[in-house]
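Analysis of the macromolecular model
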There are 2 protein chains.
Amino acid sequence: MSHLTIDLSMSLDGYVAGPDPSQEDPLGAGGERLHEWAFAAQSWQEKHGHEGGEPGPDADVIQERLDATGASIMGRKMYSGGSGGWDDDRNPRGWWGDNPPFGHPVFVLTHHAREPLEMEGGTTFTFVTDGIESALAHARAAADGKEVHIAGGAEVAQQYLRAGLVDTLQVHVAPVLLGSGARLLEGVSGPALEIDRVVASPTVTHLRYRVTS
Amino acid sequence: MSHLTIDLSMSLDGYVAGPDPSQEDPLGAGGERLHEWAFAAQSWQEKHGHEGGEPGPDADVIQERLDATGASIMGRKMYSGGSGGWDDDRNPRGWWGDNPPFGHPVFVLTHHAREPLEMEGGTTFTFVTDGIESALAHARAAADGKEVHIAGGAEVAQQYLRAGLVDTLQVHVAPVLLGSGARLLEGVSGPALEIDRVVASPTVTHLRYRVTS
């Protein structure tokens, strides 16, 4: 059965997004600082159709994630920033552009039913209204043996952790203190962790854990 | 001028103590799980007068801290668990035993004045009532060129971070999710960090940062 992985950038004080996210500033105030290490990496630039960026351990960790993932799950806010019915959504096609940087099936958790949306480059957004286990079952079926990746946000990751469904938790700890925002690990005490791997670079530390219960 | 270092064990979700600390359970529920890596290390056992424990990177990191520290600063709760006047404190001599595991001058932040208390093994507790900068000045004078270490708790560490007085922040990230308790990095957004060193072991990850502003 496809492995379920949470793999997100996090500030040292535990945030995956800054405060006051908005349509104009989806990562919240200062949130882009959590991803500077990725923006600087060759594999990230290449995935987004650009040249340049640095090779090295950070680029390798990104490439590994890209290669391993067969399907992703994300929350509605991460898809479009919206929350109510689709007619009122300012980004009904998501804010990931016409060629989203996934290239695989993405399952969006929402309360509002909708037909799947096929984008360029292999990304199809499928809207799941019957909960996290259903989304996971759909994603596993679509992942073709590869891993299913929880792309975010924090609340979605917490729901999967609390339900005991996560196999691997990887956090890319950025040397940043945001002070407020959305914390990845909030009110999650059940799962037991074992250190699986640590990759260090001058700009970020990649901590990977096996989730054992 | 003596370097000021915060050096504490922290759960992956950011806690340095569990919920509901008490006289009987000073680390709070589950808090001892943050320190299992240290209890298992040879240098920790030796410092506490015991034999056994494992050599290796974790023991080396502890020994490095022991060698580097000339004076420590801690909050009143970390000293005794008390909060009011000393006559009402159940642990007026602290809960660190007659031979506390410091072996150097310790400055206790409190609102209640008191004469210094000399213990066995080189530990003297000095009670500072005029604030964190005064405690730091006293500790620097006593450290004899070595580092001053913020021993905890979380609120004391936050006060020094917010005041821009900290030079180095080291967290020993235990593979534990506590879910609640006292968070080390709460409401601290000012300081900029640079990754200084990462030491990995199978049971804990030691992340050290330079605090640059």
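Quick look at the structure, then.

Analysis parameters
- Residues numbered from 1 in each chain as written.
- Chains lettered and ligands numbered in written order.
- Predicted model: local features only at pLDDT ≥ 70, side-chain atom pairs only at ≥ 80, totals over all residues.
- Contact = placed C-beta atoms within 7 Å.
- Nonpolar A, V, L, I, M, F, W, Y, C, P; charged D, E, K, R; others polar.
- Pairing = 2+ DSSP bridges.
- Helix = DSSP H or I, 4+ residues; strand = E, 2+ residues; numbered from the N terminus.
- Axes fitted to C-alpha atoms, helices over the stretch in contact; angles between N-to-C directions.
- Expected span 1.5 Å × (residues − 1).
- Buried ≥ 20, exposed ≤ 12 C-beta atoms within 10 Å, placed from the backbone.
- Arc of directions from axis to C-beta.
- Core = buried A, V, L, I, M, F, W, Y, C linked by C-beta atoms within 7 Å.
- Least-squares fit on C-alpha atoms with pLDDT ≥ 70 in both.

**Description of the interface of chain B and chain A**
Facing the 24 residues of chain B at the interface are 24 residues of chain A. Partitioned by chemical class, the residues of the side of chain B that touches chain A number 16 nonpolar, six polar and two charged.

**Re the sheet that holds strand S1 (residues 4-11) of chain B**
Residue and element names in this part refer to chain B. On the basis of which strands lie adjacent, the open sheet formed by nine strands has the order S5-S6-S4-S3-S7-S1-S8-S11-S10 and mixed pairing. For this open sheet the edge positions go to strand S5 (117-118) and strand S10 (193-200), each flanked by a neighbour on one side alone. Pairing analysis gives four bridges linking strand S3 (residues 69-75) to strand S4 (residues 105-109), with the strands arranged parallel. Among the inter-strand pairings, serine 72 is bridged to a residue of S4, identified as valine 106. Helix-sheet contacts for helix H3 (residues 57-68) involve S1, S3, strand S7 (147-152), S10 and strand S11 (205-211), and the interaxial angle to S3 is about 95°.

**Quick notes on helix H5 (residues 132-143) of chain A**
All names here are of chain A. Spanning twelve residues, H5 covers 16 Å between terminal C-alpha atoms, matching the ideal 16 Å at 1.5 Å per step. If you check which residues of H5 are buried, you get Ala135, Leu136, Ala139 and Ala143. Mapping the buried residues of H5 onto a view down its axis gives an arc of 100°, with all of them on the same face. Taken together, the buried residues of H5 touch strand S1 (4-11), strand S3 (69-75), strand S4 (105-109), strand S6 (124-128) and strand S7 (147-152). In the segment just after H5, aspartate 144 is the residue with positive phi, at about 55°.

**Notes on helix H5 (residues 132-142) of chain B**
For H5 of chain B, the complete set of buried residues consists of Ala135, Leu136, Ala139 and Arg140 of chain B. Contacts made by the buried residues of H5 of chain B are with S1, S3, S4, strand S6 (124-128) and S7 of chain B.

**Re the pairing of S1 of chain B**
All names here are of chain B. Taken across its eight residues, S1 has eight buried, putting it largely inside the fold. With three bridges joining them, S1 and S7 adopt parallel strand pairing. The partner of threonine 5 across the bridge, within S7, is histidine 149.

**Considering the nonpolar core**
When a protein is soluble and globular, its nonpolar side chains tend to lie buried together. Grouped together as the largest cluster of nonpolar side chains are 116 residues, with contacts concentrated most on Ile73 of chain A together with Ile73 of chain B. Look past the residues within four positions of isoleucine 73 of chain A in its chain and what remains in contact with it is Phe107, Leu109, Ala135, Leu136, Ala139, Val148, Ile150, Ala151 and Val156 of chain A.

**Regarding the environment of arginine 183 of chain A**
Along the chain, the position of arginine 183 of chain A falls in strand S9 (residues 182-183). With 169 residues separating them along the chain, arginine 183 of chain A and glycine 14 of chain A place their C-alpha atoms 5.3 Å apart.

**Overview of the environment of glutamate 186 of chain A**
All names here are of chain A. Looking at where glutamate 186 falls in the secondary structure, it is placed in the loop between S9 and strand S10 (193-200). With 16 C-beta atoms packed within 10 Å, glutamate 186 lands in the partly exposed category. Between the C-alpha atom of glutamate 186 and that of glutamate 133, which follows or precedes it by 53 residues, the distance is 20 Å. Among residues more than four places away in sequence, those in contact with glutamate 186 are Ala154 and Gln158.

**A short note on the relation of the copies chain B and chain A**
The transformation that overlays chain B on chain A combines an axial shift of 0.0 Å with a rotation of 180°, and the residual RMSD is 0.0 Å. Such a combination of turn and shift is consistent with a two-fold rotation axis. When C-alpha distances to the rotation axis are compared across chain B, the minimum falls at glycine 14 of chain B, with a value of 3.4 Å. Here 100% of the contact residues of chain B are again contact residues in chain A; the copies associate through an equivalent surface.

**Topic: unusual backbone geometry**
Backbone geometry follows two general trends: most residues other than glycine have a negative phi, and most peptide bonds adopt the trans configuration. Residue and element names in this part refer to chain A. Residues glycine 152 and glycine 153 are joined by a peptide bond in cis, for which omega reads 0°. By the secondary structure assignment, glycine 153 is in the loop between S7 and helix H6 (154-162). Here aspartate 20, not a glycine, exhibits a phi torsion of approximately 55°, which is positive. Among the secondary structure elements, aspartate 20 is positioned in the loop between strand S2 (15-17) and helix H1 (36-39). Even without being a glycine, aspartate 144 presents a positive backbone phi close to 55°. For aspartate 144, the position within the fold is in the loop between H5 and S7. The class of aspartate 144 is exposed, set by 11 C-beta atoms lying within 10 Å.

**So, the sheet that holds S3 of chain A**
Residues and elements named next belong to chain A. The nine strands are arranged S5-S6-S4-S3-S7-S1-S8-S11-S10 in an open sheet whose pairing can be described as mixed. The open sheet is flanked by strand S5 (117-118) and S10, the only strands paired with a single partner. Strands S1, S3, S7, S10 and strand S11 (205-211) of the sheet are contacted by helix H3 (residues 57-68), whose axis makes an angle of about 95° with S3. Those strands touched by H5 are S1, S3, S4, S6 and S7, and its axis lies near 155° from that of S3.

**Thoughts on the pairing of S4 of chain B**
Residues and elements named next belong to chain B. Within S4, five of the five residues are buried, leaving the element largely enclosed by the surrounding structure. What you see with S4 is no split at all: Pro105, Phe107 and Leu109 on one side and Val106 and Val108 on the other are buried throughout. Alignment of S4 against S6, held across five bridges, turns out to be parallel. Each bridged residue has a counterpart across the sheet, and for valine 108 the counterpart in S6 is phenylalanine 127.

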